[in-house]
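A look at the structure
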Amino acid sequence: LAVIAALIATTLQQNSEYKFKCGVRQFNLTGLATSHDWSAAGDWPWHVAVFVQPEEVEGHVCSGVLISLKFALTTDGCVTNRDGVQSWATHTTLQLGRDTIGEQSQRYQVFSIERFGELALLKFDDLDFFTSYIQPICINQVASGKGKFGTVVGWDKEDRLTGIKLQIVGNDQCNEKSDSDVLCLKNDPNICDDGEIVYLRRGSSWFMGGFMSNFCGTNVLFNGLLKYVSWIRRITKLHYLEESDESCQPIDVEPEPFYYLLSHFPSSCGKYTVNKIAGGHAASVFEFPWMAIVLYREDGSDKLSPLCMGSLINQRYVMTTAQCANGDPFKP
């Protein structure tokens, strides 16, 4: 038997804000291998162009990553102007989902900047939903070993998104201790100019592995993210970054990049300003806009019959009683 929830409200477009995967590309990569290649739209749907344009000061563009519908991550140096003065949020905008930097492209206004160490979290005008060209990246939470590969991505001098796959070598090759939270990659001559963020792939998911340090020579050094995870979690409330007992977590097991943003439930749901008693009088249309009727259709019939009531709790779910779904006319 089919069950249909007929909502007494305007039909809303499905929104992927409540439940979505991070680090999943919607298209096959367009051929990036071991050479320094231009990227196509959709290759790196989480890579962001951060525009910083303070008043009466020359502006600049740098790289960031999208981590949710309302947050992007970049370096503190990116949102600091050329005179060393921290930029205001009002001077900062984002371009998403593009493989070239365009003056006419849509910009998203940043309205707050949180800084910690060498990173900055940018909170911007919310996206309504993700697309094939705009997707969030996962935050790396485990050590990445020698011999694996990372892909370094950034904007080149001609404002094109470029990337190159490089091998991860031992920390000693970058004059770092073996237990330091860094990624040392075998260098390519072009990386010092326009490679800013390194991405790591595990299975079908991609993770932001680190951001470029000041050191760039025979090999290139990227700072890791492990010390920033708790700060990112506190600000963004990303649930796949929940604290866990590290002693119980094998270092080579990546947390499942499928998470819920429970904090994004509508802040205005359930408000009721008039004191009335249920059943006291007939309610007017839309007086209780979260109410829903659950209807059922018996096999072989096109007729819908009301069964019970429910409540709309977000854009995808109606909550009702267990009896509503388990009793007649429903069968196991």
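Below is a short write-up of the structure. (Residues numbered from 1 in each chain as written. Predicted model: local features only at pLDDT ≥ 70, side-chain atom pairs only at ≥ 80, totals over all residues. Heavy atoms only, no water.)

Observations concerning the overall build of the protein
Keep this limit in mind: A run of H or I in DSSP counts as a helix once it spans at least four residues, and a run of E counts as a strand once it spans at least two, with each numbered from the N terminus. Only protein chains enter the calculation, and the probe is 1.4 Å; a residue is then buried if its accessible area is under 20% of its type maximum, exposed if over 50%, and partly exposed in between. Note on definitions: a residue-residue contact is assigned when non-hydrogen atoms from the two residues lie within 4.5 Å. Using the Shrake-Rupley algorithm and a 1.4 Å probe, accessible areas are obtained, with residue cover drawn only from the displayed protein chains.
In terms of helices and strands, the protein carries three helices and 20 strands. In the protein, buried positions account for 43% of the 332 residues. Pairs at least 24 residues apart make up 62% of the contacts formed inside the protein by residues separated by at least 6 positions. If you sum the accessible surface of the protein, you get close to 18400 Å²; carbon and sulfur atoms cover 50% of it.

Here we look at the side chain of Ser68
In plain terms, the rule: Definition of a polar contact: a pair of N or O atoms within 3.5 Å, with one able to donate and the other able to accept a hydrogen when the atoms are protein atoms, and with sequence-neighbouring residues admitted only if both atoms are side-chain atoms.
For Ser68, the location among the structural elements is in the loop between strand 5 (60-66) and strand 6 (71-75). For Ser68, the side chain forms a polar contact with the main-chain nitrogen of Lys70, separated by 3.2 Å. Leave out the neighbours within four places in its chain, and Ser68 touches Phe124, Phe130, Pro136 and Leu238.

Thoughts on the sheet that holds strand 7 (residues 92-96)
Formally: Here the rule is simple: two strands pair whenever DSSP picks up at least two bridges between them. Axis definition: a line fitted to C-alpha atoms, limited for helices to the stretch in contact. Angles are taken between N-to-C directions and run from 0 to 180 degrees.
Reading around the barrel, the six strands line up as 4-5-6-9-8-7 and close back on themselves, with antiparallel pairing between neighbours. Here the strands of the sheet are splayed against their neighbours by 40 degrees on average, with no regard to which way each runs. In the sheet, strand 5 pairs with strand 6 via three bridges, with the strands oriented antiparallel. Following the sheet pairing, Gly64 is matched in strand 6 by Thr74. Sheet contacts for helix 2 (residues 229-236): strand 6, strand 8 (108-116) and strand 9 (119-124); angle to strand 9, the most-contacted strand, approximately 15 degrees.

Section: the state of the cysteines
Stated precisely, the cut-off is as follows: Disulfide assignment relies on a single distance test, namely cysteine sulfur atoms paired within 2.5 Å.
All chains considered together, the criterion is met by four disulfides. Through a disulfide, Cys62 is tied to Cys78; the S-S separation comes to 1.7 Å. As the torsion about the S-S bond is roughly 65 degrees, the Cys62-Cys78 disulfide counts as right-handed. One end of the pair, Cys62, is in strand 5; the other, Cys78, is in the loop between strand 6 and strand 7, and 16 residues separate them in sequence. Just as Cys62 is buried, Cys78 falls in that class too. In this model, Cys174 is linked to Cys184 through a disulfide, with the two sulfur atoms separated by 2.0 Å. When the S-S torsion is 80 degrees, as for the bridge of Cys174 with Cys184, the disulfide is right-handed.

Quick notes on the pairing of strand 12 (residues 161-169)
With seven of nine residues buried, strand 12 is to be regarded as a mostly interior element. Where strand 11 (residues 149-155) folds back onto strand 12 in an antiparallel hairpin, the turn is made up of five residues, including Asp159, whose phi is positive at roughly 65 degrees. Pairing of strand 12 with strand 13 (residues 182-186), which is carried by two bridges, proceeds in the antiparallel orientation. Note that in strand 13 the partner of Val169 across the bridge is Cys184.

Considerations on the nonpolar core
In globular proteins that are soluble, nonpolar side chains generally tend to be buried together. Condition: Among the buried residues, those of types Ala, Val, Leu, Ile, Met, Phe, Trp, Tyr and Cys that are joined through side-chain atoms within 4.5 Å form a nonpolar core.
Ile67, Leu73, Ile139, Tyr199 and Met208 are the most contacted members of the largest nonpolar core, which has 33 residues in total. Within the residue set of this core, elements represented by two or more residues are strand 4 (47-52), strand 6, strand 9, strand 10 (138-139), strand 11, strand 14 (197-202), strand 15 (205-216) and helix 2.

Considering helix 2
For helix 2, a buried count of six out of eight residues is recorded, marking the element as mostly surrounded by other parts of the structure. Taken residue by residue, helix 2 has Val229, Trp231, Ile232, Arg233, Ile235 and Thr236 as its buried positions. Of the surrounding elements, those touching the buried residues of helix 2 are strand 6, strand 8, strand 9 and strand 10. Lys237 sits one or two positions beyond helix 2 and adopts a positive phi of about 65 degrees.

Some thoughts on the packing of aromatic side chains
In this description, an aromatic ring pair is defined by two values, namely the gap between the centres and the angle between the planes. This is how it is decided: Between the rings of Phe, Tyr and Trp (Trp by its six-membered ring), a pair exists once the centres lie within 6.5 Å; its type follows the angle of the planes, with under 30 degrees stacked, over 60 edge-to-face, and the other angles tilted. Comment: the charge-over-ring label is applied if NZ (Lys) or CZ (Arg) is within 6 Å of the ring centre and within 35 degrees of the ring normal.
This model, assessed by the stated rule, comprises ten aromatic pairs. Aromatic side chains Phe116 and Tyr228 sit 5.7 Å apart centroid to centroid with 85 degrees between the ring planes, which places their arrangement in the edge-to-face category. With Phe116 in strand 8 and Tyr228 in the loop between strand 16 (219-223) and helix 2, this pair connects stretches of sequence that are 112 residues apart. Residue Phe116 is classed as partly exposed on the basis of its relative accessible area of 38%. Members of the aromatic cluster, connected to one another through ring pairs, are Trp44, Trp46, Tyr199 and Trp206. Residue placement shows Arg107 over the ring face of Phe51; its charged tip is 3.4 Å from the ring centre. Lys165 extends its terminal NZ or CZ atom over the ring of Phe149, reaching a point 5.1 Å from the ring centre.

A closer look at the environment of Tyr317
Locating Tyr317 in the fold gives a position in the loop between strand 19 (304-312) and strand 20 (318-319). Relative accessible area serves as the criterion here: at 43%, Tyr317 is assigned to the partly exposed category. Apart from the residues within four sequence positions on either side, Tyr317 is in contact with Ser311 and Leu312.

Considering the environment of Glu114
Topologically, Glu114 is positioned in strand 8. Put simply, Glu114 and Ala89 are 25 residues apart on the chain and 9.8 Å apart in space, counted from C-alpha to C-alpha. Not counting chain neighbours up to four residues away, the residues in contact with Glu114 comprise Leu119, Ala120, Leu121, Trp231 and Ile235.

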